[in-house]
Amino acid sequence: MKIISLISQKGGSGKTTLAVHLAVYATMNKKAVVLIDLDPQGSAVGWYKIRDVKSELAAVQTSATRLPELLKKAQSGGADLVIIDTAGHSDKEAAAAARVSDFVLIPCRPELFDMLALSTTFDILNLSKTPSAIVMNGCPRGKVTDDARAALRGKGYNVLDLTVSDRVAFKHAIRDGRSVHEYEPESVAAADIAALFAFVKDKVNL
């Protein structure tokens, strides 16, 4: 069983959007997936509750203290992949998720406030020494994303070449409990998620 966490101390970076989309796409690739929501707002589980089809994916909201127990249940239940969604400004939950993960994705929009918040995120990640990478998320057309990536790499951050575009398909899909692969499978948004999943799959040998 492999464990992936999405962590960023900046709210609004798109952690939940990426978490639910990766979870659905992983099930489409014949993986047994458990989605764990460590955010007290419960957005990922709220999305899951309005899905028409739930049998292929399990989702649960929990706390940092109960995380080890749930991971044991996931493993004994035959899960191939656990995806952990975390809240912004949540040191305890983020640290707990990082400690148990095989890899951490750090969503970052190509905007100043998101980029400035990375230092506090890495303060947490550096304690666990879990492998991680920044994925530029919600990216507009144009060179702003390339400029942001170059600036972050100039500061020594590990930033993926692939990006996740700012596409309205994400909003349309999520509002009724779907993913972009279920809503618009030939879209740019779906291709972005497929590329991100391929990276994760290779990275953790899933």
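Details of the structure are given in the entry above.
Quick notes on the rules
Residues numbered from 1 in each chain as written. Predicted model: local features only at pLDDT ≥ 70, side-chain atom pairs only at ≥ 80, totals over all residues. Heavy atoms only, no water. Phe/Tyr/Trp six-rings, centres within 6.5 Å; stacked < 30°, edge-to-face > 60°. Helix = DSSP H or I, 4+ residues; strand = E, 2+ residues; numbered from the N terminus. Buried < 20%, exposed > 50% of the residue type's maximum accessible area, 1.4 Å probe, protein only. Core = buried A, V, L, I, M, F, W, Y, C linked by side-chain atoms within 4.5 Å. Pairing = 2+ DSSP bridges. Axes fitted to C-alpha atoms, helices over the stretch in contact; angles between N-to-C directions. Contact = heavy atoms within 4.5 Å. Lys, Arg positive; Asp, Glu negative; His and termini not counted. Salt bridge = Lys/Arg side-chain N within 4 Å of Asp/Glu carboxyl O. Polar contact = N/O pair within 3.5 Å; in protein donor to acceptor, adjacent residues only side chain to side chain.

(A) Representation of the packing of aromatic side chains within the structure. Using the criterion set out here, one finds three aromatic pairs in the structure. Residues Tyr 25 and Phe 197 carry aromatic rings whose centres are separated by 5.5 Å and whose planes lie at 85 degrees to one another, so their mutual orientation is edge-to-face. Residue Tyr 25 is found in helix H1 (residues 15-28), and its partner Phe 197 is found in helix H9 (residues 188-204); the two are separated by 172 residues along the sequence. Residue Phe 197 is classed as buried on the basis of its relative accessible area of 3%. Note on Phe 122 and Tyr 157: the rings are 5.0 Å apart at their centroids and 35 degrees apart in plane angle, and the pair reads as tilted. Of this pair, Phe 122 sits in helix H5 (residues 112-128) while Tyr 157 sits in the loop between helix H6 (144-154) and strand S7 (159-165), placing them 35 residues apart in sequence. Classification of Phe 122 by relative accessible area gives buried; the value is 14%.

(B) Broad picture of the nonpolar core. Judged by nonpolar contacts, the single largest core of 38 residues is most densely connected at Leu 35, Leu 57, Leu 81, Ile 83, Leu 105, Val 180 and Leu 196. Take this core: its biggest share by element is nine residues, from H9. Counting 32 residues, the second largest nonpolar core, distinct from the first, contains Ile 3, Val 34, Ala 95 and Leu 125.

(C) Highlighting the sheet that holds strand S6 (residues 132-139). With parallel pairing, seven strands are arranged side by side in an open sheet as S3-S2-S4-S1-S5-S6-S7. Edge positions in the sheet fall to strand S3 (57-61) and S7, since each of these pairs with one other strand and no more. Here the strands of the sheet are splayed against their neighbours by 25 degrees on average, with no regard to which way each runs. In this sheet, S7 lies alongside S6 in parallel orientation, the contact comprising three bridges. Paired with Cys 139 across the bridge in S7 is Ser 165. Together, strand S5 (103-108) and S6 form the strand contacts of H5, whose direction differs from that of S5 by roughly 160 degrees. Sheet strands touched by H6: S5, S6 and S7. Its angle to S7, the strand with the most contacts, is close to 150 degrees.

(D) Focus on the side chain of Lys 15. Within the secondary structure layout, Lys 15 lies in helix H1. Of the side chains with opposite charge, Asp 85 comes closest to the buried, unpaired Lys 15, at an N-O distance of 6.0 Å. Here Ser 8 takes part through its backbone oxygen, which lies 3.3 Å from a polar atom of the side chain of Lys 15. One polar contact links the side chain of Lys 15 to the main-chain carbonyl oxygen of Lys 10, over a distance of 3.3 Å. Non-local contacts of Lys 15, meaning those with residues more than four positions away in its chain, are made with Leu 6, Ile 7, Ser 8, Lys 10, Asp 85, Thr 86, Ala 87, Gly 88 and Pro 107.

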